[in-house]
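The lines below spell out each chain.
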Amino acid sequence: MPRDVIDNTPITVLPALEQSILAVVLIDEKNDITFFNSAAEKLWRCAREDVMGRNVSVLVPRALRSTHDDLIRQNRDGGVNRIVGTSRDVEVERFDGTTFWANLSLSRIAVGGKVGYMALIRDISREVADREKIRMLSLVVRETDRGVAILDPSFRIIYVNRAFSDLFGFTFEQVVGQGLSALLTGDAADIGILNALHESARNARGFTVEIRARHASGRDIWVSATMNPVFDADGGIENIVVVLTDITEQYFLDSLQRDTLEAISSDLGLNEVMDFICRRIEQHIPDVMVAIYLIGSDDRLKCVGRASLPSELVELYDAQPIGPDAPCSGVAAITGTVAQSPAIATDPRWRNMRDATLRHGIHTAVATPIILRNSRVAGVFTCYSRTASLPGPACQKAVNASLHLCTVAIERHEAKEHISRLSDFDMLTGLPNSRWLRQNMARLLRRPGRGNLMLVTVGMDNFKHINDLFGHTAGDELIARVSNQLREIISLDDTLVRSGGDQFTIVTAGEQQHASTLSATILHQLEAPAQIGDVRIGLSASLGVAVYPENGEDGGTLLKNAESAMFQAKASGGGRCCFFSQSMNQQASDRLILAAALRDAIANNDLRLFYQPQVHARSGRLYGVEAL
């Protein structure tokens, strides 16, 4: 049994302390343990016999044992008080080496001039663990880069973390007590989304939505808002936890890709698509001006996309040669790597463009090559900065996202150009074909020029016989030869088209005399014999001329009438030129009517065959018959 006296003085409260749920330890004036209740035995996992009469240091953590007696002595002798009369949390070590957290309350007991101490110890290991969890959770909430807001059941803000303030620009004092909807309402907010947030909380469902929100500066930002309700024991809403992630940059990149691909798949031209990309990036990053260049066949850059880049600079930068000594756009084009100009004011490569560039507020630039899937450098994506520093990471992300879009746009454009060449251009001569001529006649008629617009249709005489006699290869060589001759004859303002198998059409402008002179030159040049294998063949052509608007007020009529005049020249023996007249149109119409009537007569069996005798005039003798 534990002693119930201190220095032979009875202690009457010990039976009550024995039954306490708190661990109770008494020490005498020598710091020896005189009482150790059953709760203490359970807490230290030892029997009281193991500690009774021993120095209390055996119950003290090893790190404190060397100084523990001195601390007690200072309190006993001099009244120096560190923990007596207070309550504190300490980590206690058991005999088996395990530890636990305890709440320690130490009281001083003075009896008959002797000073002892009573310690009340309560196991708070679970509380400490819970507090640590709460501390860690608080640390996560405070230090995460995602905004966190805690709402009361009325959806009023009662807590926001630092990231929330960074995201929206509001301090805790500015938003506490406010409804969350005051922030999650941009210029184009959907009230239905806010209602869905409220409804999901009431129905115990988590809810995530992308929504437009308002920053303290007034600008709109895009956030991903996840709302989760917290319920009390009765099932009522106690709090709502809202986690907010800034997705403005990702939303911009996604919308840029989505909208650009939509533009590419539409009928927009390459320049329009590239301009669109530049505008969107400049709207997102106001401090930059963006331009997109393609590399021409002459190894010079050609601007195909821009937004706010001034026209003066476009003209200056356009047609700049590529090379290691060029500004950063030319360097990126020749090397296929990113090139930077961090100080245009002192960069010698900008010497021919420096003054105009600085005058428009451009100080730095970064050029990124546009590389197609076949590893060909097709162009350059250049960002010009209005600040003294190079465009930042946000700009580079936008550029990286745009490079793929530019590649798709360029490859699609080149594919369309190739298809256009196949469908609108003659593969043998490289000239536009009749399809191209029909599609572009309206534009050609509107084209300003000297005098009247005229069509000269050139048809080779007897070309079918040459083809049949010498073969199609020889015929192709002859057509290519004629096309080259016609190219040399016409002027730079004229348009030459291969409008048929053995037929060319020249779109020219001037007075009627110009058409006569041009036709005479063509006839003379084509008269020269052509060498086909070992055979020299004499050539000739028939030309038909139609004048706008006298011979046709639209392209289709003008083409038809030029061909009618050409066929009239052929009918007249070939090797000549005919100007269209209305009588030709009538003759052509009569031929069409007659051909149609003959087809109907054959189909309806309306033709009858009659034979007429042929009699010799002198002898009167029948010598034959003719069919009528």
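Residues numbered from 1 in each chain as written. Predicted model: local features only at pLDDT ≥ 70, side-chain atom pairs only at ≥ 80, totals over all residues. Heavy atoms only, no water.

Draft legend 1. Region of the structure containing the environment of Lys416. The residue Lys416 is located in helix 13 (residues 393-424) in this model. It is 58 Å that separates the C-alpha atoms of Lys416 and Val230, two residues lying 186 residues apart in sequence. (Helix = DSSP H or I, 4+ residues; strand = E, 2+ residues; numbered from the N terminus.)

Draft legend 2. The arrangement of the pairing of strand 13 (residues 288-295) in detail. Burial analysis of strand 13 places seven of its eight residues in the buried class, which makes it a mostly covered element. Pairing of strand 13 with strand 17 (residues 377-385) involves seven bridges; the strand directions are antiparallel. The partner of Ile292 across the bridge, within strand 17, is Phe381. Bridge analysis of strand 13 against strand 14 (residues 301-306) gives five bridges, and the strand direction is antiparallel. (Buried < 20%, exposed > 50% of the residue type's maximum accessible area, 1.4 Å probe, protein only. Pairing = 2+ DSSP bridges.)

Draft legend 3. Inspection of the sheet that holds strand 13 at higher detail. Across the sheet, which stays open at both edges, the five strands sit in the order 14-13-17-16-15 with antiparallel pairing between neighbours. Taken across any chain shown, the strands that pair with only one partner, and hence form the sheet edges, are strand 14 and strand 15 (339-341). The average angle at which neighbouring strand axes cross in this sheet is 25°, direction not considered. Set on the sheet, helix 11 (residues 328-335) makes contact with strand 13, strand 14, strand 15, strand 16 (364-371) and strand 17; between it and strand 17 the angle comes to about 150°. (Axes fitted to C-alpha atoms, helices over the stretch in contact; angles between N-to-C directions. Contact = heavy atoms within 4.5 Å.)

Draft legend 4. Region of interest: the packing of helix 8 (residues 248-265) against helix 13. Packing of helix 8 against helix 13 leaves a shortest axis separation of 10 Å and a crossing angle of 15°. The angle between helix 8 and helix 13 places the two elements in the roughly parallel class. Helix 13 is crossed by helix 8, and the crossing has right-handed handedness. Side by side, helix 8 and helix 13 meet where Glu249, Phe252, Leu253, Leu256, Gln257, Thr260, Leu261, Ile264 and Ser265 of the first sit next to Ala394, Lys397, Ala398, Ala401, Ser402, Leu405, Val408, Ala409 and Arg412 of the second. Its residues assigned to classes, the contact of helix 8 with helix 13 shows 11 nonpolar, four polar and three charged. (Parallel < 35°, antiparallel > 145°, perpendicular 65-115°, else oblique. Left-handed = near helix turned anticlockwise from the far one by under 90°. Nonpolar A, V, L, I, M, F, W, Y, C, P; charged D, E, K, R; others polar.)

Draft legend 5. The environment of Ser519, seen in detail. Mapped onto the elements, Ser519 comes out in helix 17 (residues 512-526). Given a relative accessible area of 1%, Ser519 falls into the buried group. For the pair Ser519 and Ser542, spaced 23 residues apart in sequence, the C-alpha separation works out to 9.4 Å. Setting aside residues no more than four positions away along its own chain, Ser519 makes contact with Val456, Leu543, Val545 and Cys577.

Draft legend 6. Representation of the sheet that holds strand 11 (residues 220-231). Read across the sheet, five strands follow the order 9-8-12-11-10 without closing on themselves; strand pairing throughout is antiparallel. At either end of the open sheet lies a strand with only one pairing partner, and these are strand 9 (157-160) and strand 10 (207-214). The sheet shows a mean angle of 30° between the axes of neighbouring strands, taken without regard to direction. The sheet contact formed by strand 11 and strand 12 (residues 237-246) spans nine bridges and is antiparallel. Its bridge partner lying in strand 12, Val230 is registered against Asn239.

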